[in-house]
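Chain residues, written in single-letter form:
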Amino acid sequence: MNKYLSLALCLLLSFSLTHAQITEFKKGWTTELRLQSGLATNFEASSPDVFTGGLLLTEHVTAVPGKLKAGVVAGGIYYNKKLQGLFGPEVLFKIKDLNAAEMGSIGNLHLSANWLFGTEHEQLVGGGIHVSVLNKVTIGLTAHRDYNLNSWWFQCVVSVRLSKVKKIDEPFNK
Amino acid sequence: MPKALVISGGGSKGAFAVGVIKQLHQQFSTFHFDIVVGTSTGSLITPLAATEEFDLLEQLYTTQTTQNIVLKDNLGNRLSQHSIFDANPLWNLITHYFTDDIYNKLMTGDKQIYINTTCLQTGDITVYTNNKNPAPSDTYIVRTFQSADHFRRAIMASACQPVFMPPIQINKQVPGEAHPEYQYVDGGVREYAGVEMAIDNGATVIFTILLSAETFPPTPGEFQTLFPILGQTLDIFTMDVGKNDIIIPQLYNKGLLYINAVKNKMKSAGIDQATIDSYFNITLPDNPFKNKVPLKLYIIRPKEPLNGGPGGLVFDPSTMKQMLVTGQSLTGEFLASLPPSETSEWLV
């Protein structure tokens, strides 16, 4: 039974890849500037929640067109009254296209997962849910567990695309 | 008796026109058109109908999917471009199927083709043709193909619905061109069906294939978002332009029929032909009836909407096969309704 289910899923995936036009998570590289802000807590009344915010650059490449991007995140954050660095790998998994009838799409809904290392020994594992609009701006909510310093980070994220969209060559207008 | 085939615009609905052509050819294999006029999807059909590549036409209009014609994208990526879709796949099809051989065949053959476009800069209807001496017109500009590339660009422009598909610089590579920068789009913006071009170039039997339906049944429910409203607006616009394109030739033909009836009455009253001619062949600068005879103007169109999405830009092979069958069966019914004396007239 599982074999048939796997086969059906494979066929479904190959159908979606070959027949549906991919308008989100297209092939190529994307650079974004990410602004994030939120709090870190260990859920204990004795220690107050602390503000955390940051400005990071992200670079992703599409690994599976229409589905998956992989990349890196690096930048500066303000945490625990200190400026520090944060970096690590990240993957993005698209869960839904926001379609514009037959015209294409206006964005997508995707999940992120990352593993980030801070210069003050933070080790964060987590992810979030994001809405990308017009391939220009992404907003989202993230949650991370710092398993080294025993705290949780909850943040709002706004990203702006920095890399330009490649202009399509039109041989009929040359 | 010069015979013309006029094919309107309608994207994937062109499959219906291919069905009509197929049925006409099947029933009257010796029947040939002298003039073929196409707008938009009609311009893609025109060269192949004129060169009688019927099998290729059927193959083209029953196998293509939307991504063989246009590529969709995130609309944000298209904000700095000049169309919502990337039309490179259509250009690839045009360069593949509208070969130099077809161009040479058209330029040396005895059939005339007319491809309708609209110039974005001037708003003029510009008709591209293989006719080296086309009839002049006050209402549109006529230009003869200069090369195979020029011919392909004209077809591409005619097929490109503005906003959805890019405008084309048809004359960019034409040596000595005054305005190589001018951009052209779908002729359907101004002229949905080019009946006028067929009349001006001497056709007296005109088969017009319209791809919009006779009736426009109310769409149930409320339009709540932008894109369905845009799609519906396009359909209403197309229907209205199509109606206007047909009303004028029909009115013109009524004029010709009226003049003919008066002439016949004068003749039966004993007035000689030379006197009758002297009354009617008045030398006016713009006498639209001079040396014209009443037309046989046949209109074949679907009774119900054919689907095909907004502007006919959804290409689904199974739907298009169905459209082709609809075109064939409606044409069969239409031909069966004509008196045999009428059909035998065309076959002469």
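It should be emphasised that the depicted structure is a prediction, and the values quoted were computed from it without experimental measurement.

Each helix and strand in chain B was counted, giving 12 helices and 9 strands. What you see for chain B is a C-alpha radius of gyration of 21 Å, in line with the 20 Å of a compact globule of 348 residues. Along the first, second and third principal axes, the C-alpha set of chain B runs to 75 × 50 × 40 Å. Sequence separation of 24 or more characterises 75% of the internal contacts of chain B that already satisfy a separation of 6 or more.

On to the packing of aromatic side chains. Under the defined criterion, the tally for this structure stands at 18 aromatic pairs over all chains. Between Phe 43 of chain A and Phe 154 of chain A the ring centres are 6.2 Å apart and the planes differ by 65°, which places this aromatic pair in the edge-to-face class. Of this pair, Phe 43 of chain A sits in the loop between strand 1 (29-41) and strand 2 (50-64) while Phe 154 of chain A sits in strand 8 (residues 151-161), and the two are 111 residues apart along the sequence. The partly exposed category is assigned to Phe 154 of chain A, whose relative accessible area is 33%. Both rings, one in Tyr 103 of chain B and one in Phe 151 of chain B, keep their centres 5.6 Å apart while their planes meet at 40°; by these two values the pair is tilted. Placement of the pair is Tyr 103 of chain B in helix 6 (residues 100-108) and Phe 151 of chain B in helix 7 (residues 148-159), with a sequence separation of 48 residues.

Let us look at the state of the cysteines. All names here are of chain B. This model, assessed by the stated rule, comprises 0 disulfides over all chains. Of all cysteine sulfurs in the structure, the one in Cys 119 sits closest to Cys 160, which takes part in no disulfide; the separation is 14 Å. For Cys 160, a relative accessible area of 0% gives the class buried.

Okay, the packing of helix 2 (residues 41-50) of chain B against helix 7 of chain B next. Helix packing geometry: the angle between the two helix axes and the distance between the axes. Residues and elements named next belong to chain B. Closest axis-to-axis distance for the helix 2/helix 7 pair is 6 Å, and the angle between their directions is 145°. Between helix 2, through Ser 43, Leu 44 and Pro 47, and helix 7, the contact on the second element is made entirely by Phe 151, Ile 155, Ser 158 and Ala 159. Class assignment of the residues belonging to the contact of helix 2 with helix 7 gives a composition of 5 nonpolar, 2 polar and no charged.

Further remarks concern helix 7 of chain B. Structurally, the α-helix is built with 3.6 residues per turn, so residues lying three or four positions apart point the same way. Residues and elements named next belong to chain B. The terminal C-alpha atoms of helix 7 lie 17 Å apart, and with 12 residues this matches the ideal 16 Å at 1.5 Å per residue to within 8%. Burial analysis of helix 7 places 11 of its 12 residues in the buried class, the great majority of the element. Among the residues making up helix 7, those that are buried are Ala 148, His 150, Phe 151, Arg 152, Arg 153, Ala 154, Ile 155, Met 156, Ala 157, Ser 158 and Ala 159.

The next subject is the pattern of salt bridges. The tally for this structure, following the rule as stated, stands at 12 salt bridges over all chains. Glu 90 of chain A serves as the salt-bridge partner of Arg 34 of chain A, at 3.0 Å between the closest nitrogen and oxygen. With Arg 34 of chain A in strand 1 and Glu 90 of chain A in strand 4 (residues 82-99), this residue pair connects regions lying 56 residues apart in the sequence. Assessed through its relative accessible area of 3%, Glu 90 of chain A is described here as buried. Among the ionic pairs, Asp 100 of chain B bridges to Arg 152 of chain B, the shortest N-O distance being 3.0 Å.

Another aspect to go through is a nonpolar patch on the surface. Residue and element names in this part refer to chain A. Taken together, Leu 33, Leu 35, Leu 55, Leu 57, Val 137, Ile 139, Val 158, Val 160 and Leu 162 make up a surface patch of nonpolar side chains, about 720 Å² in accessible area. Those elements giving two or more residues to the nonpolar patch turn out to be strand 1, strand 2, strand 7 (137-146) and strand 8. Within the secondary structure, Val 158 is located in strand 8. Note on Val 158: relative accessible area 36%, which makes it partly exposed.

What follows covers the pairing of strand 5 (residues 125-129) of chain B. Residue and element names in this part refer to chain B. Of all 5 residues in strand 5, 5 are buried; the element is thus mostly enclosed. Neither face of strand 5 is exposed, since Ile 125, Val 127 and Thr 129 on one face and Thr 126 and Tyr 128 on the opposite face are all buried. Direction of pairing for strand 4 (residues 112-119) relative to strand 5: antiparallel, over a ladder of 5 bridges. In the strand pairing of strand 5, Thr 117 is matched with Thr 126. Relative to strand 6 (residues 141-144), strand 5 is paired through 4 bridges, and the arrangement is parallel. Paired with Tyr 128 across the two strands is Arg 143, which belongs to strand 6.

Another point: helix 6 of chain B. Residue and element names in this part refer to chain B. Of the positions making up helix 6, those classed as buried are Ile 102, Tyr 103, Leu 106 and Met 107. Buried positions in helix 6, seen along its axis, are confined to an arc of 130° and lie on one side of it. Those residues of helix 6 that are exposed and aimed more than 90 degrees away from the buried face are Asp 101 and Thr 108. Buried positions along helix 6 lie against helix 2, helix 5 (88-97), strand 4, strand 6 and helix 7.

Cut-offs used in this document
- Residues numbered from 1 in each chain as written.
- Chains lettered and ligands numbered in written order.
- Predicted model: local features only at pLDDT ≥ 70, side-chain atom pairs only at ≥ 80, totals over all residues.
- Heavy atoms only, no water.
- Helix = DSSP H or I, 4+ residues; strand = E, 2+ residues; numbered from the N terminus.
- Rg over C-alpha atoms; globule rule 2.2 N^0.38 Å.
- Contact = heavy atoms within 4.5 Å.
- Phe/Tyr/Trp six-rings, centres within 6.5 Å; stacked < 30°, edge-to-face > 60°.
- Buried < 20%, exposed > 50% of the residue type's maximum accessible area, 1.4 Å probe, protein only.
- Disulfide = S-S within 2.5 Å.
- Axes fitted to C-alpha atoms, helices over the stretch in contact; angles between N-to-C directions.
- Nonpolar A, V, L, I, M, F, W, Y, C, P; charged D, E, K, R; others polar.
- Expected span 1.5 Å × (residues − 1).
- Salt bridge = Lys/Arg side-chain N within 4 Å of Asp/Glu carboxyl O.
- Patch = residues over 30% accessible without salt bridge, like charges linked within 9 Å, V, L, I, M, F, W, Y side chains within 5 Å.
- Areas by Shrake-Rupley, 256 points an atom, 1.4 Å probe, with all protein chains shown as cover.
- Pairing = 2+ DSSP bridges.
- Arc of directions from axis to C-beta.

Fair warning: the whole summary comes from geometry, so function is off the table for now.
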